[in-house]
Amino acid sequence: MNLSVPSTDDLSARVSAVRDEHRRLFPGGASGRQPVHTVYVPADRFSRTTPADFGAEALRLLNTHTPGAGSFGGAFGLDPEIAGLVRERVAAKLAHEPIEDVRIDFEDGYGVRPDAEEDGHVAQVVEAVAAAYQVKGLPHYWGLRVKSFADGGHERAMRTLDVFLTALRERLGRLPGGFTITFPKVVAPEHVALFAEYLDRLETALGLPAGILRFEVQVETTEAIVDRDGRVGLRAIAEAAGGRMTAAHFGVFDYTAALGLPPEEQRLDHPACDFARHVMQVTLAGTGIRLSDGSTNVIPRNDGPDEVNEAWTTHAAHVRHSLRHGFYQGWDLHPAHLPSRYAAVYAYHLTGVDDVIGRVRAWHEQAAGRDGGVLDEPATIKALVARLRRAVDCGALDQSALPSPRRHLTPSPAPVSGR
């Protein structure tokens, strides 16, 4: 060597500093279970039985319009070899855990109302959440969507959150796990920073542990994609959250309307939405911030088979589009969306699952020094393992089907509703 080790110590230290800063900004993917959807329910319509009611109605629609494997497979375009298994597991899901994540909506789905009226609905929601929690009827994840800071709703948003959390603490003595706040229509990182500062103050006032109040932002403005300076907006938004941001949810209709798309083109699978999703993926990959796609606004107007099947066909196609693009979560707005959501998700996970398990098993056996060639890269195996974890978490796949040794997969345990 021409250079002694001491003569490059300063370079080594600077390399380590760059590595440490990169690890701070990009700690890796989020750990734990990700829900397959978030169901939005207007606050004035939410009750302690809402999750169960959604499941009962979804199961009724399923049994009415697809009573057997053949009709089910035809409705959702499934391979006959898996249609029966998928239907069986979707029916079980609707009966036992129809909603994985619910958001009680005080924003667009609720509207602008007098303070006294919204305060009254906050009180009703507190009682409904407390009652659902006490009978283990609260979904695994749950929370509120408050009004936007971008359009003058900031004071109402802060009031609603304060009143809700104060009353719930008095009612239950604690904040049930899985609580998340949805922060909509973000146009500037400064609003995110102010919201995070507000949560700091609220935690102190309520005696909550620091950092327990987490939130997801809704990417539904053009400024969230490209900011006023022509830079990708999401990077500054995530940094402004101060570690409280858990997810970025795409808002289809506000975003496409802002672009000037005509109403008939304001849809989840429009190429303009693909661009926004790709920006979200590239910007937030490795940050630990999860991604969720938006919603489908097509719902059946009545119980007629044409209406129901049209809604299912459109929604299932949108779910499959999201899955192909690496978005494993989306929004659902109506009980009719639950059969098509789970049918598409379960079929995605179960199609070719034996091949996935075989590839993971072969890779680990070779890594342990056994016979077999290595064709997959470690990054590919990591993605396949993540797919199996998702399948187990949502109920598409039994944990017993996972390849051995189990230490290589360590899927999240099955959730208990209303923890």
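Cut-offs used in this document
- Residues numbered from 1 in each chain as written.
- Predicted model: local features only at pLDDT ≥ 70, side-chain atom pairs only at ≥ 80, totals over all residues.
- Heavy atoms only, no water.
- Salt bridge = Lys/Arg side-chain N within 4 Å of Asp/Glu carboxyl O.
- Helix = DSSP H or I, 4+ residues; strand = E, 2+ residues; numbered from the N terminus.
- Buried < 20%, exposed > 50% of the residue type's maximum accessible area, 1.4 Å probe, protein only.
- Contact = heavy atoms within 4.5 Å.
- pLDDT = per-residue confidence, 0-100.
- Core = buried A, V, L, I, M, F, W, Y, C linked by side-chain atoms within 4.5 Å.
- Phe/Tyr/Trp six-rings, centres within 6.5 Å; stacked < 30°, edge-to-face > 60°.
- Lys NZ or Arg CZ within 6 Å of the ring centre and 35° of its normal.

1. Some remarks on the pattern of salt bridges
Piece 1. Overall, the coordinates contain 38 salt bridges when judged by the stated rule.
Piece 2. Between Asp115 and Arg156 there is a salt bridge whose closest N-O contact spans 2.9 Å. Of the two residues, Asp115 sits in helix α5 (residues 115-134) while Arg156 sits in helix α6 (residues 154-172), which places them 41 residues apart along the sequence.
Piece 3. Each of Asp105, Glu107, Asp108, Arg145, Lys185 and Asp254 takes part in salt bridges that share partners, so that together they form one network.

2. Considering the side chain of Thr180
Piece 1. As for its position among the elements, Thr180 is in strand β4 (residues 179-183).
Piece 2. For Thr180, a relative accessible area of 12% corresponds to the buried category.
Piece 3. Ignoring any residue separated from it by four or fewer positions in sequence, one finds Thr180 in contact with Arg103, Trp142, Gly143, Leu144, Arg214, Phe215, Glu216 and Thr246.

3. Regarding the environment of Gly207
Piece 1. Mapping Gly207 onto the fold places it in the loop between α7 (189-206) and β5 (215-219).
Piece 2. Assessed through its relative accessible area of 62%, Gly207 is described here as exposed.
Piece 3. Separated by 38 residues in sequence, Gly207 and Arg169 place their C-alpha atoms 9.9 Å apart.

4. Details of the confidence of the model for the protein chain
Piece 1. Within the protein chain, residue pLDDT values average 92, and 93% of them lie at 70 or more.
Piece 2. For the stretch residues 369-374, pLDDT sits under 50, and the model shows 5 contacts to residues farther than four places along the chain or on other chains.
Piece 3. Here residues 406-419 is a poorly scored stretch, pLDDT under 50, and it has 39 contacts once near neighbours within four places are set aside; other chains count.

5. Re the nonpolar core
Piece 1. Counting residues in each nonpolar core, the largest one holds 106 residues, and the members touching the most others are Leu161, Phe164 and Phe179.
Piece 2. Setting aside residues no more than four positions away along its own chain, Phe179 makes contact with Trp142, Gly143, Leu144, Leu161, Phe164, Leu165 and Leu213.

6. Observations regarding the packing of aromatic side chains
Piece 1. Counted under the stated rule, the structure contains 16 aromatic pairs.
Piece 2. Ring plane angle 80° and centroid distance 5.0 Å describe the contact between Phe149 and Phe183, whose orientation is recorded as edge-to-face. Linking Phe149 in the loop between β3 (141-145) and α6 with Phe183 in strand β4, this pair joins segments that are 34 residues apart in sequence.
Piece 3. Here Phe149 falls in the buried class, since its relative accessible area comes to 10%.
Piece 4. By the ring-pair criterion, three or more aromatic residues cluster together here, those being Phe149, Phe183, Phe195, Tyr198 and Phe215.
Piece 5. Positioned above the aromatic ring of Tyr110 is the side chain of Arg113, whose terminal nitrogen or guanidinium carbon lies 4.0 Å from the ring centre.
Piece 6. Here the basic side chain of Arg387 rests over the ring of Tyr348, its NZ or CZ set 5.0 Å away from the ring centre.

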